[in-house]
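Residue strings, one per chain:
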Amino acid sequence: MAKIGTGEIRRFAKEFLWTMDPDRAALAIGKKDGTALLQDKAVLRQIEAQRRTMDGQLRREDVVRRLAVLAFGKTNDCVRLVLEEKPELEELDLSLLSEVKRNEKGTVEIKLVDRLAVLEQLASLAGKEEDGSLAFLKALGTVEESI
């Protein structure tokens, strides 16, 4: 494996901690084999350093933001995955994808994240503490005033 620079190591670690996907993190720095990068001691040290820095940094609004992406995200890339003959997997956002099945006849079935369950989680978080999330959800018309 070719040596990577300090900036690339930092960026790889940040992307890895955000996605928990080594190959996606590798693509972010123009590399292909994220698993191999996770064997590099300098990369592991950087990941641990960023974890320590981030410890306790996950906030309620971060969770709400990620849930909102799942609740309101576009499914276009998930559909492209099954319709295109050779989709570029690295370019697709499949975060809404839950399951893919292909039967012996070639029929493809995709299951997406349960948006209703995600919306319920958003409403639950918004109802526990007024932090702007409830107003956000009410404005979108996804929750009723009684929450």
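Refer to the structure presented above.
A short tour of the structure in this document, coming up. (Residues numbered from 1 in each chain as written. Predicted model: local features only at pLDDT ≥ 70, side-chain atom pairs only at ≥ 80, totals over all residues. Heavy atoms only, no water.)

## Some details on the pattern of salt bridges
Throughout the structure, instances matching the rule amount to 4 salt bridges. Two residues, Glu48 and Arg51, come together in a salt bridge whose shortest N-O distance is 2.9 Å. With a gap of 3 residues between them, Glu48 and Arg51 both fall in helix α4 (residues 41-54), about one helical turn apart. Accessibility expressed as a relative area gives 35% for Arg51, which makes it partly exposed. (Salt bridge = Lys/Arg side-chain N within 4 Å of Asp/Glu carboxyl O. Helix = DSSP H or I, 4+ residues; strand = E, 2+ residues; numbered from the N terminus. Buried < 20%, exposed > 50% of the residue type's maximum accessible area, 1.4 Å probe, protein only.)

## Section: the nonpolar core
Judged by nonpolar contacts, the single largest core of 13 residues is most densely connected at Ile4, Phe12, Phe16, Leu37, Val43 and Ile47. Only α1 (6-19), α2 (22-28) and α4 provide two or more residues apiece to this core. Element by element, the count of residues in this core is highest for α1, at 5 residues. The contacts of Ile4, once residues within four sequence positions are left out, are Ile9, Ile29, Lys31, Leu37 and Val43. (Core = buried A, V, L, I, M, F, W, Y, C linked by side-chain atoms within 4.5 Å. Contact = heavy atoms within 4.5 Å.)

## What to know about α4
Relative to the 20 Å expected for 14 residues at 1.5 Å per residue, α4 spans 20 Å between its end C-alpha atoms, a close match to the ideal helical length. Looking only at α4, the buried set comprises Val43, Gln46, Ile47 and Gln50. For α4, the buried positions fall inside an angular range of 100° around the axis, keeping them on one side. Residues of α4 that are exposed and point more than 90 degrees away from the buried face comprise Lys41, Arg45 and Arg52. The residue sitting at the N-terminus of α4 and contributing the capping side-chain oxygen is Asp40; that oxygen lies 2.7 Å from the backbone nitrogen of Ala42. With its phi angle positive at about 80°, Gly56 sits one or two positions after the end of α4. (Expected span 1.5 Å × (residues − 1). Arc of directions from axis to C-beta. Polar contact = N/O pair within 3.5 Å; in protein donor to acceptor, adjacent residues only side chain to side chain.)

## Here we look at the pairing of strand β1 (residues 97-102)
Across 5 bridges, the pairing between β1 and strand β2 (residues 108-112) is antiparallel. Along β2, the bridge assignment pairs Glu99 with Lys111. Between β1 and β2, which pair antiparallel one after the other, the connecting turn spans 5 residues, and Gly106 there sits at a positive phi close to 95°. (Pairing = 2+ DSSP bridges.)

## Comments concerning a negative patch on the surface
A contiguous patch of negative charge on the surface is contributed by Asp21, Asp23, Asp33, Glu88, Glu90 and Glu91. Residue position: Asp21 is located in the loop between α1 and α2. (Patch = residues over 30% accessible without salt bridge, like charges linked within 9 Å, V, L, I, M, F, W, Y side chains within 5 Å. Areas by Shrake-Rupley, 256 points an atom, 1.4 Å probe, with all protein chains shown as cover. Lys, Arg positive; Asp, Glu negative; His and termini not counted. Charge placed at Lys NZ, Arg CZ, Asp CG, Glu CD.)

## Description of the packing of α1 against α4
Direction vectors running N to C along α1 and α4 enclose 55°, while the axes themselves pass 9 Å from each other. The angle between the axes of α1 and α4 places the two elements in the oblique class. Handedness of the α1/α4 crossing: right-handed. Contacts between α1 and α4 involve Ile9, Arg10, Phe12, Ala13, Lys14, Phe16 and Leu17 on the former and, on the latter, Ala42, Val43, Gln46, Ile47, Gln50, Arg51 and Met54. Residues that form the contact of α1 with α4 fall into these classes: 9 nonpolar, 2 polar and 3 charged. (Axes fitted to C-alpha atoms, helices over the stretch in contact; angles between N-to-C directions. Parallel < 35°, antiparallel > 145°, perpendicular 65-115°, else oblique. Left-handed = near helix turned anticlockwise from the far one by under 90°. Nonpolar A, V, L, I, M, F, W, Y, C, P; charged D, E, K, R; others polar.)

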